[in-house]
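One letter stands for each residue in the lines below.
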Amino acid sequence: MNVQEVIEAILSDSCGDMRLEKTGDQLICGNPNTEVRGIVTTFMATIDVIKRAIEDGANMIITHEPTFYTGRDELDWLEDDPLYLAKKKLIEENNIVIWRYHDYMHMAKTDRIYDGLLKEIGWEHNLQEENQPFIYKINEVTLAELARFFKQKLSMDVIQIVGNPEMKCSKVGVLVGGGSLGLGREQMPMELMRNHNLDVMVCGEITEWTLCAYVNDATMLGMDKGMIVIGHERSEESGMKYMAEWLKPLVKNIPVTFIDAKEPFLYL
């Protein structure tokens, strides 16, 4: 299979014949006619991920997030940037093709990022509303215990919480990636928490004056509300790990490997 055939197989499996007029899901680097020798799935095509793909003999990287630092991988501002030129050289010298799979992944029959996260944490049967992967019911635990659960399941060194660590929680919201920023409506995460009477929200990205402030004020008033911040990468990487499993039957005998992009932070 060539690159374009792999892409079409994925899109057809995700969304049938539906195609978006505007999307960031583009071929970022390489030729669509390139024969695919091996595929890597990952949250982000970092330098380390690209080097690992080269070592593994893969020549196609499927990344969930941008490669060149803006949402649409715009390049006009990068033409003379030494970092961009070095990364571009690494990609081109090793004939690596990079394709972004983001919008269609979230728009599949079930959101495939959530599918991977739920598989990773074992919450496939805790979902409260079918096809709405935001609300979960779990056995009652404290906020601190739930934070430790996510820390262990997602192999995190540090996890942030807002709220009383000893508060009890059983009704949990999950907003992966940038979903916790509101998806264009800053008030959306707070409305979700209020309308579904959630005890705690598990978040990817945060803005400190929105949901964070809402939960913090609730705690100061003695209301049992909590928030767990796992970050954009940790909340979505499992979806790309799971992709390596469902992709294999679609691409015949092409080897498919998942490479963890890892959190970008060092904790001092």
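Residues numbered from 1 in each chain as written. Predicted model: local features only at pLDDT ≥ 70, side-chain atom pairs only at ≥ 80, totals over all residues. Heavy atoms only, no water.

## Some points on the packing of helix α5 (residues 112–121) against helix α9 (residues 232–247)
At step 1: Across the interface, α5 lies against α9 with an axial gap of 7 Å and an inter-helix angle of 95°. It follows that α5 is roughly perpendicular to α9 by the angle criterion. From α5, Arg112, Ile113, Asp115, Gly116, Leu117, Lys119 and Glu120 reach across to α9, where they touch Ser235, Glu236, Ser238, Gly239, Met240, Lys241, Tyr242, Glu245 and Trp246. (Axes fitted to C-alpha atoms, helices over the stretch in contact; angles between N-to-C directions. Helix = DSSP H or I, 4+ residues; strand = E, 2+ residues; numbered from the N terminus. Parallel < 35°, antiparallel > 145°, perpendicular 65-115°, else oblique. Contact = heavy atoms within 4.5 Å.)

## Considerations on the sheet that holds strand β1 (residues 27–29)
At step 1: With mixed pairing, five strands are arranged side by side in an open sheet as β1-β4-β3-β2-β10. Among the strands making up the open sheet, the edge pair consists of β1 and β10 (256–258). With strand direction ignored, the average angle separating the axes of adjacent strands in the sheet is 25°.
At step 2: Taken together, the four bridges between strand β3 (residues 60–63) and strand β4 (residues 97–100) define a ladder with parallel strand orientation. Among the inter-strand pairings, Ile61 is bridged to a residue of β4, identified as Ile98.
At step 3: Relative to the sheet, helix α2 (residues 47–56) contacts β2 (39–42), β3, β4 and β10, its axis offset from that of β2 by approximately 155°. (Pairing = 2+ DSSP bridges.)

## Describing the sheet that holds strand β7 (residues 168–175)
At step 1: Strand order in the open sheet made by the five strands is β5-β7-β8-β9-β6, with mixed pairing throughout. Each having just a single partner strand, β5 (135–142) and β6 (160–162) make up the two edges of the open sheet. On average, each strand axis in the sheet is inclined to that of its neighbour by 25°, with strand direction left out of account.
At step 2: Taken strand by strand, helix α6 (residues 143–153) contacts β5, β6, β7, β8 (200–203) and β9 (226–229), and its axis lies near 115° from that of β5.
At step 3: Where helix α8 (residues 211–220) meets the sheet, its contacts fall on β6, β8 and β9, and the angle it forms with β9 comes to roughly 140°.

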